[in-house]
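Letter by letter, the chains look like this.
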Amino acid sequence: MHKSPSGSLGPGGLDLSQVFFKPIHNTAPPSPTKRHTKISVVGTGNVGMAIAQTILTQDLVDELALVDAKADKLRGEMLDLQHAAAFLPRTKILASADYSITEGSDLCIITAGARQIPGESRLNLLQRNVTLFEMIIPPLAKYSPNSILMIVSNPVDVLTYIAWKLSGFPSNRVIGSGTNLDSSRFRFLIADHLDVTAQDVQAYIVGEHGDSSVALWSSISVGGVPILSFLEKQEIAYEKETLENIHKAVVDSAYEVINLKGYTSWAIGYSAANLARSILRNQRKIHPVSVLAKGFYGIDGGDVFLSLPAQLGRGGVLGITNVHLTEEEAQRLRDSAKTLLDVQSQLGI
C-alpha cells in the first residue's frame, strides 16, 4: 500500500484522511515537549514475542520495532500483532531485518541468541553469542545513540558486559534482565509458603543469573515485617535447610519449565515489560538487574556485570541500593563475581 505523509491514499490518489476529517483552522504544531516513546525488540523467538505482546497490552509505547534475521517469520509476527489492533492501545508496529527501523529508540531489548548444539560447551556457545552481538549492538548504538540497552539473552551477565563494551555507552545505560525474574520466582515461593500475595513480599536474589545466584535472606520482609529477625524474636526455630531448599527451587524452576514446555517465555515477558515500565515512566523503582558491579559490596578485580538491587528510571540505572548483607551473603556475591570474571577471561576479552 502506498502512503502519503498524512494518510492512506484512496482511489485515484485521493488522500482519504483529508476527506474524512474537516481541517481545523489556525492550528499550532504539536508541543515539542510531547514524548514519543519507542521500544525495539531484537529477536522474535518465544521470548522476544512474549516481551513484545506484554509491552503492547500494557500500553507502554507509541512505536514498537521488531528486528530478526528470519524475514518471513518476522513479517508473520508483525502482521499477527497488527491484526489485534482493534483490541489494543494504538501502537505503531514495524518489523524489518534492517536495523535502521530501530532509529530513535528509547529502549532496545535484545533477546537474540545462538541455541546450544547438543554436546557443545558453554564457552563455545558463549563465543558464538559474542559473534552475534558484534552484529547486533553496533547498529543499535548507531541508530539510537541515546537509548538504553536491555539484554535478556543468556548467559545474561556476560552478554550485558559484552554489549556495554561493544556499544561504548556509559554503564548506567546498559542493563541485563538479570535476577529480576529469579526474584519474582523467589517472592512467589515465599508468598506461597506463607499464604500471602507476592506483592507484599520484599525479597531479592542477586549475583549471577544462574547457579551461583545469592538469596538475600537477611533482608526479606513480608508486609514490612523482617522475617528472620521476627522468627528469632518469637524464638521460632527454623531450619537453614528450608531456606536453602526455597533458593534451590528458584534456581531449578527455569529448568523445570524448559523440561516441560521446551522454553520459558511468559514470565520473562512480564519481567522485561516490568523493567521497561520503570525505565520509560521514570518510576525510580528498585529492581535486581545486571549492572556494572565493580566497587560495590567489595566486588573488585575487574569489570563485571551481575545483579544488584538498582533504582531504575529514564536515565537507566540511577543508583545501587545499599542493602545490608551478612558477611556470608557478601562473600557469596564476591564468589559469583569471580565465577563471571573467570568466564570473561576465557573469552579473551
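Residues numbered from 1 in each chain as written. Predicted model: local features only at pLDDT ≥ 70, side-chain atom pairs only at ≥ 80, totals over all residues. Heavy atoms only, no water.

### Quick look at the UniProt feature "active site" (unreviewed entry) in the protein
1) Next: Taking the UniProt record as the reference, the feature "active site" (unreviewed entry) is found at His209.
2) Next: Apart from residues no more than four positions distant in its own chain, His209 is found in contact with Asn154, Val156, Asp157, Gly178, Thr179 and Asp182. (UniProt positions renumbered as here; feature names shortened; annotations may be inferred. Contact = heavy atoms within 4.5 Å.)

### Quick look at the layout of surface pockets
1) Next: Here the second largest pocket is characterised by a volume of approximately 710 Å³.
2) Next: Asn180, Ser183, Ser184, Arg187 and Asn274 are the residues nearest the centre of the second largest pocket, which is lined by 23 residues in total.
3) Next: At the level of secondary structure, the elements contributing two or more residues to the lining of the second largest pocket comprise α6 (180-194), α8 (240-261), α9 (266-280) and β12 (285-292).
4) Next: Counting residues per element, the lining of the second largest pocket draws most heavily on α6, which supplies eight residues.
5) Next: Looking at the lining of the second largest pocket residue by residue, the classes come out as eleven nonpolar, nine polar and three charged. (1 Å grid on protein atoms, 1.4 Å probe; cavity = no way out; pocket = protein on both sides within 12 Å on 5 of 7 lines; lining within 4 Å. Points joined across faces, edges and corners; volume = space filled by probe spheres on them. Helix = DSSP H or I, 4+ residues; strand = E, 2+ residues; numbered from the N terminus. Nonpolar A, V, L, I, M, F, W, Y, C, P; charged D, E, K, R; others polar.)

### Overview of the confidence of the model for the protein
1) Next: Residues with a pLDDT of 70 or more make up 93% of the protein, whose mean pLDDT is 88.
2) Next: A low-confidence stretch, residues 1-6 stays under pLDDT 50, and its non-local contacts, those more than four residues away or across chains, total seven contacts. (pLDDT = per-residue confidence, 0-100.)

### Notes on the UniProt feature "domain: Lactate/malate dehydrogenase N-terminal" (unreviewed entry) in the protein
1) Next: As recorded in UniProt, the feature "domain: Lactate/malate dehydrogenase N-terminal" (unreviewed entry) lies at residues 37-176.
2) Next: Between the end C-alpha atoms of residues 37-176 the distance is 20 Å, and the span holds 41% helix and 19% strand.

### Brief notes about the domain arrangement of the protein
1) Next: What the domain assignment reports for the protein is domain 1 (35-112 + 121-176) and domain 2 (179-346).
2) Next: Here domain 1 and domain 2 have C-alpha centroids that lie 24 Å from each other.
3) Next: Taken together, the contact pairs 36 residues of domain 1 with 36 residues of domain 2.
4) Next: Taken together, both faces of the contact between domain 1 and domain 2 bury some 2900 Å²; the carbon and sulfur share is 68%.
5) Next: At the junction of domain 1 and domain 2, the tally comes to one salt bridge.
6) Next: Linking Asp106 and Arg314 is a salt bridge whose minimum nitrogen-to-oxygen distance equals 3.2 Å.
7) Next: Of all elements in the fold, only α2 (46-57), α4 (122-143), β5 (148-151), α5 (156-167) and β6 (174-176) reach the threshold of two or more residues within the side of domain 1 that touches domain 2.
8) Next: Classifying every residue of the side of domain 1 that touches domain 2 by side-chain character gives 19 nonpolar, ten polar and seven charged. (Domains from an automatic or database assignment. Buried area = accessible area lost by both parts, 1.4 Å probe. Salt bridge = Lys/Arg side-chain N within 4 Å of Asp/Glu carboxyl O.)

### Things to note about the pairing of strand β2 (residues 63-67)
When a strand is regular, its side chains alternate between the sheet's two faces.
1) Next: Counting buried positions along β2 gives five out of five residues, so the element sits mostly inside the fold.
2) Next: As defined by bridge partners, strand β1 (residues 38-42) adjoins β2 across five bridges and the pair is classed as parallel. Within β2, the position partnered with Ile39 by the bridge is Leu64.
3) Next: Running through α2, the crossover from β1 to the neighbouring parallel element β2 is right-handed.
4) Next: Summarising the sheet, β2 and strand β3 (residues 92-96) pair through five bridges and their orientation is parallel. When the sheet's bridge partners are listed, Leu64 is paired in β3 with Ile93. (Buried < 20%, exposed > 50% of the residue type's maximum accessible area, 1.4 Å probe, protein only. Pairing = 2+ DSSP bridges. Right-handed = clockwise from strand over helix to strand, strands pointing away.)

### A look at the packing of aromatic side chains
1) Next: The full count for this structure, using the stated rule, is three aromatic pairs.
2) Next: Taking the centre distance of 5.5 Å and the plane angle of 55° together, the rings of Trp164 and Phe305 count as tilted. A residue pair is termed long-range when its members are at least 10 positions apart, and Trp164 in helix α5 and Phe305 in strand β13 (residues 305-313) qualify at 141 residues. With respect to class, Trp164 is no different from Phe305; both count as buried.
3) Next: On the numbers, 5.1 Å between centres and 80° between planes, the contact of Phe186 with Trp217 is edge-to-face. With Phe186 in helix α6 and Trp217 in the loop between β9 (214-215) and β10 (221-222), this pair connects stretches of sequence that are 31 residues apart.
4) Next: By relative accessible area, Phe186 is classed as buried at 0%.
5) Next: Taking the relative accessible area as the measure of exposure, Trp217 reaches 12% and is therefore buried. (Phe/Tyr/Trp six-rings, centres within 6.5 Å; stacked < 30°, edge-to-face > 60°.)

### Considering α8
1) Next: In this model, α8 (22 residues) spans 32 Å end to end at C-alpha, consistent with the 32 Å of a helix rising 1.5 Å per residue.
2) Next: Bending of α8 peaks at approximately 40° at the position of Asp252.
3) Next: Taken residue by residue, α8 has Leu243, Ile246, His247, Val250, Val251, Ser253 and Ala254 as its buried positions.
4) Next: One or two steps after α8, the chain reaches Gly262, where phi turns positive at roughly 100°. (Expected span 1.5 Å × (residues − 1). Bend = angle between axes of the 7 residues up to and from the residue.)

### What about the pairing of β1?
1) Next: Counting buried residues along β1, five of its five residues qualify, which places the element largely inside the surrounding structure.
2) Next: Because side chains alternate across β1, one face comprises the buried residues Lys38, Ser40 and Val42, and the other comprises Ile39 and Val41, equally buried.
3) Next: Bridge count between β1 and strand β4 (residues 107-110): four bridges; the pairing is parallel. Within β4, the residue paired with Val41 across the bridge is Ile109.

### A closer look at the sheet that holds β10
1) Next: Strand order in the open sheet formed by three strands is β7-β10-β11, and the pairing between neighbours is antiparallel. On the outer flanks of this sheet lie β7 (201-202) and β11 (225-226), each paired with one strand and no other.
2) Next: The pairing of β10 with β11 spans two bridges and is antiparallel. If you follow Ser221 over to β11, its bridge partner there is Pro226.

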